[in-house]
Amino acid sequence: MAQSSIEWTEMTWNPTTGCTKISAGCKYCYAEVMTKRLQAMGVEKYKDGFAVRTHADALNIPYTWKGSKIVFVNSMSDLFHPEIPVKFIQQVFAVMNDTPQHTYQVLTKRAERLNELHHLLNWTPNIWMGVSVEDMRVANRIDYLRNTNAKVKFLSCEPLIGPLPELYLENINWVIVGGESGRKARPMAEWWVWDIRQQCQEQGVAFFFKQWGGVNKKKTGRELGGRTYDEMPVTNYLTA
Ligand code: SF4
């Protein structure tokens, strides 16, 4: 577990590590860069670099947190990667089911596998399931997500590297948008962001603008039209 600087979460929990690239959004994968650093520093958990690994000893960590946390699951991996056994995914879900005081945000690019396995998983309301949608080429991930039994469903459009016109957001609760950051960041046009914002507004979906990104993300900041957008999904059914 680690405190996170990601604007839409509080902390991270990585019961698995490692991944392989699957689409254009992976080009400058943050997890891969961080893994190399941690491996070079001799951190045991990352001794195999970016190879996919499960960490049974990390499963109990949520039981040690005090209060209620918002947790990004697998910032250093993809839980639905084909090399992660179904049994282990079920163990991760069992921990999330057993700790309803915490809210878990699971994000994948393997929407097809998510769709294959979702009926084998227990979707308690504290599990928010998201797919990454960096451009229209991977927009079909939204349909796979929509089809799941997850109670809260979200899109992470980061790094946004192309426009996303005509988004069908039925049964989607939350959309996060962010530009790529770093030395080689691919540009994000302002109108792509406004267009997604408008579609969210028209379809009643919470909109969160994370960052413009670029070479110096602190400088470009996270204001859109002079204000920030930090909407979160409505979860009042939790008490139902
Ligand atoms: S799916 Fe995520 S963690 Fe895996 S390579 Fe792509 S960006 Fe990195």
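Below or above, wherever it landed, is the structure these notes cover. Each chain has its residues counted from 1, running along the sequence as written. Totals for whole chains, interfaces and linings use every residue, but because this is a predicted model, local features are given only for residues with pLDDT of at least 70 and side-chain atom pairs only at 80 or more, for both listing and counting. Remark: hydrogens and water are excluded; side-chain values derive from all non-hydrogen atoms of the structure.

Secondary structure assignment for the chain yields six helices and 10 strands. In terms of overall dimensions, the chain is globule-like: its C-alpha atoms have a radius of gyration of 17 Å, near the 18 Å expected for 240 residues. In terms of overall dimensions, the chain has C-alpha extents of about 45 × 45 × 35 Å along its principal axes. Of all 240 residues assigned to the chain, the portion counted as buried reaches 53%. Across the chain, every contact between residues at least 6 apart in sequence was considered, and the portion connecting residues at least 24 apart equals 70%. What sets the accessible areas is the Shrake-Rupley method with a 1.4 Å probe; for residues, cover comes only from the shown protein chains. Surface accessibility of the chain: about 11500 Å² in total, with carbon and sulfur atoms responsible for 51%. Considering the chain, the positive charge centre built from 28 side chains and the negative charge centre built from 24 side chains are found 6 Å apart. Only runs of H or I of at least four residues qualify as helices and only runs of E of at least two qualify as strands under DSSP, and these elements are numbered from the N terminus. C-alpha atoms define the radius of gyration in this analysis, and the globule rule sets the expected value at 2.2 Å times the number of residues to the power 0.38. A simple rule labels every residue: compare its accessible area, found with a 1.4 Å probe on the protein chains alone, to the largest value its type can have, and call it buried under 20%, exposed over 50%, or partly exposed in between. The contact criterion used throughout is that any non-hydrogen atoms of two residues lie within 4.5 Å. Within this scheme the basic residues Lys and Arg register as positive and the acidic residues Asp and Glu register as negative, but His and the chain ends are omitted. Throughout, a charge is located at the NZ atom of Lys, the CZ atom of Arg, the CG atom of Asp or the CD atom of Glu.

Quick look at the side chain of Thr 9 now. With respect to the helices and strands, the residue Thr 9 is situated in the loop between β1 (2-3) and β2 (11-13). Under the rule applied, a polar contact is a pair of N or O atoms within 3.5 Å (in protein, one hydrogen donor and one hydrogen acceptor; residues adjacent in sequence only if both atoms are side-chain atoms). Reaching out from Thr 9, the side chain makes a polar contact with the side chain of Gln 105 at a distance of 2.7 Å. If sequence neighbours within four positions are ignored, Thr 9 has contacts with Ser 4, Ile 70, Val 71, Phe 72 and Gln 105.

This part covers the pattern of salt bridges. Here a salt bridge means any side-chain nitrogen of Lys or Arg lying within 4 Å of a carboxyl oxygen belonging to Asp or Glu. Throughout the structure, instances matching the rule amount to 11 salt bridges. Between Arg 110 and Asp 78 there is a salt bridge, and its shortest N-O distance comes to 3.2 Å. Within this pair, whereas Arg 110 is found in the loop between β6 (103-108) and α3 (111-117), its partner Asp 78 is found in the loop between β5 (70-73) and α2 (86-98), the two being separated by 32 residues in sequence. You'll find Arg 110 and Asp 78 in the same group, each marked buried. For Asp 135, the salt bridge goes to Arg 137, with nearest N and O atoms at 2.6 Å. A residue is classified by how much of its surface remains accessible, and Arg 137, at 65% relative accessible area, is exposed. Each of the salt bridges in this network shares a partner with another, and the network as a whole consists of Lys 47, Asp 48 and Arg 53.

Attention shifts here to the environment of Gln 211. With respect to the helices and strands, Gln 211 occurs in strand β10 (residues 206-211). Given a relative accessible area of 4%, Gln 211 falls into the buried group. Setting aside residues up to four positions removed in sequence, Gln 211 forms contacts with Glu 158, Val 177, Gly 178, Gly 179, Glu 180, Ser 181, Met 188, Lys 217, Gly 221 and Arg 222. In this structure the side chain of Gln 211 is engaged in a polar contact, spanning 2.8 Å, whose partner is the backbone oxygen of Gly 179.

What follows covers the nonpolar core. Here is a general trend for soluble globular proteins: nonpolar side chains tend to be buried in one another's company. Joining through side-chain atoms within 4.5 Å is the link that ties buried Ala, Val, Leu, Ile, Met, Phe, Trp, Tyr and Cys residues into a set, and such a set is a nonpolar core. Of all hydrophobic cores here, the largest spans 52 residues; its most connected members are Trp 13, Phe 80, Leu 155 and Val 177. The greatest single-element share of this core, amounting to six residues, is contributed by α2. With sequence-adjacent residues up to four places away left out, Val 177 is seen in contact with Cys 157, Leu 160, Met 188, Val 193, Ile 196, Phe 207, Phe 208, Phe 209, Lys 210 and Gln 211. Counting 10 residues, the second-largest nonpolar core is a separate cluster that includes Phe 72, Leu 107, Val 152 and Ala 206.

Okay, the packing of aromatic side chains next. The aromatic pairing rule takes the rings of Phe, Tyr and Trp, using the six-membered ring of Trp, and pairs them if the centres are within 6.5 Å, calling planes under 30 degrees apart stacked, those over 60 edge-to-face and the rest tilted. One pass over the full model with this rule turns up 11 aromatic pairs. Centroid distance Phe 207 to Tyr 229: 5.6 Å. Interplanar angle 75°. Geometry classified as edge-to-face. With Phe 207 in strand β10 and Tyr 229 in the segment after α6 (217-220), this pair connects stretches of sequence that are 22 residues apart. Per residue, the accessibility class of Phe 207 equals that of Tyr 229, and both read buried. One aromatic cluster in this structure is built from Trp 8, Phe 72, Trp 128, Phe 154, Trp 174 and Phe 208. Two limits define a charge over a ring: the Lys NZ or Arg CZ must be within 6 Å of the ring centre, and within 35 degrees of the ring normal. Positioned above the aromatic ring of Tyr 229, the side-chain terminus of Arg 227 is 3.8 Å from the ring centre.

With that settled, consider the sheet that holds strand β9 (residues 174-178). Strands qualify as paired when DSSP identifies two bridges or more between them. The eight strands lie next to each other as β1-β2-β5-β6-β7-β8-β9-β10, forming an open sheet whose pairing is mixed. Looking along the sheet, the strands with just one partner apiece sit at the ends: β1 and β10. Sheet analysis places β9 next to β10, joined by five bridges and oriented parallel. The residue of β10 that forms the bridge with Ile 176 is Phe 208. Angles here are taken between N-to-C directions and fall from 0 to 180 degrees, while the axes themselves are lines fitted to C-alpha atoms, restricted in helices to the stretch in contact. Each of β9 and β10 is contacted by helix α5 (residues 190-203), which is oriented at about 160° to β10, the strand it contacts most.

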